[in-house]
Amino acid sequence: MSSTSDYVPPKVWVNKPSGGRFANINRPIAGPTHDKELPVGKHPFQLYSLGTPNGQKVTIMLEELLARGHKGAEYDAWLIKIGEGEQFGSGFVAVNPNSKIPALVDRSGAKPIRVFESGAMLLHLAEKFGEFLPKDAAGRAECLSWLFWQMGSAPYLGGGFGHFYAYAPSKIEYAIDRFAMESKRQLDVLERRLGETPYLAGDDYTIADIAVWPWYGGLAKGLLYGAGEFLAVHEYKNVNRWADAIGARPAVKRGRIVNRLQGDPAMQLRERHDASDFELRTEDKLAAAAN
């Protein structure tokens, strides 16, 4: 293995420009950088997000609830452009002090409830509507175990492998190899589990699948970091079977395009404020109307 650096860490770390895709928004402190209130729409749930894997979890969950007839799950999905630092506005930080998308406000009751961290949102919605979370103790434990597996594992995939493979200003062999190995180990964890059961928690589709699919389903289908061939994702037959089954669900097809800024214009619904927006307000439809 080649050596790429003779760097010796100083006794006390000092922040300095690091380069890379997200250098303009990375900083070692929390809190807002500017005053900006968040917009509020007409629906019970107000979501402030971007169509990344973490953002997709919540829009998929809300669309699944609506598909099951829960009208109380109607939502407004407001676009937060993290590349422009909108997550550091005072209103956003008041909802999510960690300044990460997504951020959710449940306005269905007498007093608004803030919910931050996507796993907490899935659990909040599952308990509120009594859906996608097993009611028996063993099933619930299995579901929550896989839900929290995703919370703990995906940072190694995204902030680890994805960053060093796709976003870092230089290619560091050690870092890429280290996190490629871990990403493949995680895929193998899923491969073995999905060889035992149709879905992660057993026979039924749950919030565990909703949480894991945008990350690992996307990875298995070659949609993340342009790394499908590099990681030989085709080898994970059970993961691919599971990813295809979930990706075919109509609510998943809708949820994954909300707050999306990249790719096919027909697959970008920048903001969602009504169910009709999927037919009328995707980027291709707006461009055609403008012409």
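Coordinates for the structure precede this section.
Residues numbered from 1 in each chain as written. Predicted model: local features only at pLDDT ≥ 70, side-chain atom pairs only at ≥ 80, totals over all residues. Heavy atoms only, no water.

Participant: Mind showing me how you'd approach the overall build of the protein here?
Facilitator: Along its length, the protein carries ten helices and four strands. Tracing the protein from N to C terminus, the helices and strands come up as β-α-β-α-β-β-α-α-α-α-α-α-α-α. For the protein, the C-alpha radius of gyration of 20 Å lies close to 19 Å, the compact-globule estimate for 291 residues. Taking the principal axes of its C-alpha atoms as reference, the protein extends roughly 60 × 50 × 45 Å. A separation of at least 24 residues holds for 67% of the contacts in the protein among residues at least 6 apart in sequence. Side chains of the protein give 35 positive and 34 negative charges; the mean places of these two sets differ by 3 Å. (Helix = DSSP H or I, 4+ residues; strand = E, 2+ residues; numbered from the N terminus. Rg over C-alpha atoms; globule rule 2.2 N^0.38 Å. Contact = heavy atoms within 4.5 Å. Lys, Arg positive; Asp, Glu negative; His and termini not counted. Charge placed at Lys NZ, Arg CZ, Asp CG, Glu CD.)

Participant: Could you clarify how one ought to interpret the pattern of salt bridges in this entry?
Facilitator: Note that side chains of opposite charge can pair when their charged atoms are close. In this structure the tally under the stated criterion is 14 salt bridges. Here Glu64 makes a salt bridge to Arg249, at a shortest N to O gap of 2.8 Å. Of this pair, Glu64 sits in helix H1 (residues 53-67) while Arg249 sits in the loop between helix H7 (237-247) and helix H8 (250-255), and the two are 185 residues apart along the sequence. Judged by relative accessible area, which is 3%, Glu64 ranks as buried. Of the charged contacts, one joins Lys128 and Asp106 as a salt bridge, the two residues approaching to 3.4 Å between their closest N and O atoms. (Salt bridge = Lys/Arg side-chain N within 4 Å of Asp/Glu carboxyl O. Buried < 20%, exposed > 50% of the residue type's maximum accessible area, 1.4 Å probe, protein only.)

Participant: Teacher, can you tell me more about the packing of aromatic side chains here?
Facilitator: Note on aromatic pairs: each is described by the distance of the centres and the angle between the planes. The final tally for this structure, using the stated rule, is eleven aromatic pairs. Measuring from ring centre to ring centre gives 5.7 Å for Phe132 and Tyr205, while their planes differ by 85°; the resulting arrangement is edge-to-face. Of the two residues, Phe132 is situated in the loop between helix H3 (118-129) and helix H4 (137-167) and Tyr205 in the loop between helix H5 (173-194) and helix H6 (207-220); the sequence distance between them amounts to 73 residues. Geometrically, the ring pair formed by Phe161 and Tyr225 is edge-to-face, given 6.3 Å between the ring centres and 75° between the ring planes. In this pair, Phe161 is assigned in helix H4 and Tyr225 in the loop between H6 and H7, connecting sequence segments 64 residues apart. Owing to a relative accessible area of 19%, Tyr225 belongs among the buried residues under this scheme. Members of the aromatic cluster, connected to one another through ring pairs, are Phe161, Tyr165, Tyr167, Tyr225 and Phe230. For the cation-ring pair, Arg27 lies above Phe88, with the distance from its terminal atom to the ring centre recorded as 4.4 Å. (Phe/Tyr/Trp six-rings, centres within 6.5 Å; stacked < 30°, edge-to-face > 60°. Lys NZ or Arg CZ within 6 Å of the ring centre and 35° of its normal.)

Participant: Explain the side chain of Gln150 to me, please; I cannot follow it from the model alone.
Facilitator: Its place among the elements puts Gln150 in helix H4. Among residues more than four places away in sequence, those in contact with Gln150 are Asn54, Lys57, Pro155, Ala211, Val212 and Trp215.

Participant: So what exactly am I meant to see when it comes to the pairing of strand E3 (residues 103-106) here?
Facilitator: Burial of the side chains of E3 extends over both faces: Ala103 and Val105 are buried on one face and Leu104 and Asp106 on the other. Here four bridges tie strand E1 (residues 45-49) to E3, and the two strands are oriented antiparallel to one another. Within E3, the residue paired with Phe45 across the bridge is Asp106. Bridge analysis of E3 against strand E4 (residues 113-116) gives four bridges, and the strand direction is antiparallel. What sits directly across from Val105, in E4, is Arg114. Counting the residues in the hairpin turn of E3 and E4 gives six residues. (Pairing = 2+ DSSP bridges.)

Participant: Just to check I follow, could you spell out the sheet that holds E1 for this structure?
Facilitator: Remark on secondary structure: sheet strands pair via backbone hydrogen bonds, oriented parallel or antiparallel. With respect to topology, four strands assemble into an open sheet ordered E2-E1-E3-E4, the strand pairing being mixed. Each end of this open sheet is capped by a strand with a single partner; those strands are strand E2 (75-79) and E4. The mean angle between the axes of side-by-side strands here comes to 20°, regardless of whether they run parallel or antiparallel. Against the sheet, H3 engages E1, E3 and E4, with an angle of about 130° to E4. (Axes fitted to C-alpha atoms, helices over the stretch in contact; angles between N-to-C directions.)

Participant: So what exactly am I meant to see when it comes to H7 here?
Facilitator: In an α-helix, one full turn covers 3.6 residues, which means residues spaced three or four apart are oriented alike. Every buried residue of H7 is listed here: Val239, Asn240, Trp242, Ala243 and Ile246. With its buried residues spanning 165° around the axis, H7 presents them on a single face. (Arc of directions from axis to C-beta.)

Participant: Even after reading the chapter, I still don't get the environment of Asp209, so can you show me in this structure?
Facilitator: Mapped onto the elements, Asp209 comes out in helix H6. Considered as a pair, Asp209 and Leu65 are 144 residues apart in the sequence and their alpha carbons are 14 Å apart.

Participant: Teacher, can you tell me more about the pairing of E2 here?
Facilitator: Burial runs high along E2: five of the five residues are buried. Side-chain alternation along E2 places Tyr75, Ala77 and Leu79 on one buried face and Asp76 and Trp78 on a second face that is also buried. Looking at chain direction, E1 and E2 are connected through five bridges and run parallel. When the sheet's bridge partners are listed, Phe45 is paired in E2 with Tyr75.

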